[in-house]
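Observations on the model geometry
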Amino acid sequence: MGVYDLFIGLDSTLQNFDNVALERLQPIFEFATNDDIHSDQFFNNSNGTLERIVNQLSRLFGIQSNLSDPNDNEARWAQIALLQAQNSAYTANVGDFHIEFVGDLSASELAAAARADLGYLYALLQQNMFVLAGNNAYYAESSHSTTLTQSQYSDAYLNDFWQALSADRRLQRRRE
C-alpha cells in the first residue's frame, strides 16, 4: 500500500482510491513487478519489483535511491517515508500531478505529449513507464530543468527513441 500511497498523494483524482484509481495504477504496477516482460536494463529499472517504482519516484524528487532487494521491506518503507514526510519537493506538490502509464502510447502519441507536457518528456528521457504530468512548473524549476528543454528534442528524435525502447521490449519478450 505504501507505494500506491505515493501515487495517490501526488494525483488528486486518485485520492478516493476506488476502482478508477486502481485501473489507472494497475498497468504501472504490473509492468514494474513482471520480470517476464523486460530486462533490468529496460526502462531504467533496477532489480526488484516495487523498488523500481520507489527508485524512479525518488529520483524525480531529487533523492538518490538504489533499492534492489524486494525482501527488504524496511528499506522500501524508509524510502517511502522519506519521500512522503521529509522531502519538500514531494510534499509541496501533493495533488498537483496527473499519473498515467505510458507503455501503451505510440511513439507519435508520446512525442506529441512530450511537446505539451514536461512530465512526458521526463518520463521518456528517464525511461520511466509512468508519467507525472500536468505540473510543468515543477519540472521547469527542479534540478531536471537543464535536461528538459523541449526545443532541443525533435519529433523525429522522440519518435525514434520511443520506438527503440519499444523494440527492445519486444525483443526481450521473444528471448524469454
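Reference entry: report on the structure contained in this document. (Residues numbered from 1 in each chain as written. Predicted model: local features only at pLDDT ≥ 70, side-chain atom pairs only at ≥ 80, totals over all residues. Heavy atoms only, no water.)

1. Concerning the environment of L110
By secondary structure assignment, the location of L110 is in helix α6 (residues 107–116). Sequence separation of L110 and L158 is 48 residues, and the distance between their C-alpha atoms is 7.9 Å. Filtering out sequence-adjacent residues up to four positions away, L110 remains in contact with V102, L105, Y120, L124 and W162. (Helix = DSSP H or I, 4+ residues; strand = E, 2+ residues; numbered from the N terminus. Contact = heavy atoms within 4.5 Å.)

2. Some remarks on the nonpolar core
F7, L57, F61 and L132 are the most contacted members of the largest nonpolar core, which has 54 residues in total. With seven residues, helix α7 (residues 118–126) is the single largest residue contributor to this core. In this structure L132 touches F7, L10, L57, L60, F61, F97, H98, I99, G119 and Y139, once residues within four positions along its chain are discounted. (Core = buried A, V, L, I, M, F, W, Y, C linked by side-chain atoms within 4.5 Å. Buried < 20%, exposed > 50% of the residue type's maximum accessible area, 1.4 Å probe, protein only.)

3. With respect to the packing of aromatic side chains
Enumeration according to the criterion identifies eleven aromatic pairs in this entry. Judged by centre distance (6.2 Å) and plane angle (80 degrees), the ring pair of F61 and F97 falls under edge-to-face. Here F97 lies in the loop between α5 (88–92) and β1 (98–101) and F61 lies in the loop between α3 (50–60) and α4 (73–86), a separation of 36 residues in the sequence. Judged on exposure class, the residue F61 and its partner F97 are both buried. Arranged with centres 5.9 Å apart and planes meeting at 80 degrees, the rings of F97 and Y138 form a pair that is edge-to-face. With F97 in the loop between α5 and β1 and Y138 in helix α8 (residues 136–141), this pair connects stretches of sequence that are 41 residues apart. (Phe/Tyr/Trp six-rings, centres within 6.5 Å; stacked < 30°, edge-to-face > 60°.)

4. Examining the packing of α3 against α4
Running from N to C, α3 and α4 point in directions that differ by 30 degrees, and their axes come no closer than 11 Å. With respect to α4, the axis of α3 lies roughly parallel. The chirality of how α3 crosses α4 is left-handed. Seen from α3, the contacting residues are L50, E51, V54, L57 and S58; seen from α4, they are R76, Q79, I80 and L83. (Axes fitted to C-alpha atoms, helices over the stretch in contact; angles between N-to-C directions. Parallel < 35°, antiparallel > 145°, perpendicular 65-115°, else oblique. Left-handed = near helix turned anticlockwise from the far one by under 90°.)

5. Observations regarding the environment of S108
With respect to the secondary-structure elements, S108 resides in helix α6. The class for S108 is partly exposed, based on a relative accessible area of 47%. Here the alpha-carbon distance between S108 and D160, two residues 52 residues apart in the chain, equals 9.5 Å.

6. Re the packing of helix α1 (residues 2–10) against helix α2 (residues 19–33)
Closest axis-to-axis distance for the α1/α2 pair is 11 Å, and the angle between their directions is 125 degrees. Considered as vectors, α1 and α2 are oriented oblique to each other. Seen from above, α1 lies across α2 with right-handed handedness. Between α1, through V3, Y4, F7 and I8, and α2, the contact on the second element is made entirely by L22, L25, I28 and F29. Each residue belonging to the contact of α1 with α2 can be placed in one class, and the counts come to eight nonpolar, no polar and no charged. (Nonpolar A, V, L, I, M, F, W, Y, C, P; charged D, E, K, R; others polar.)

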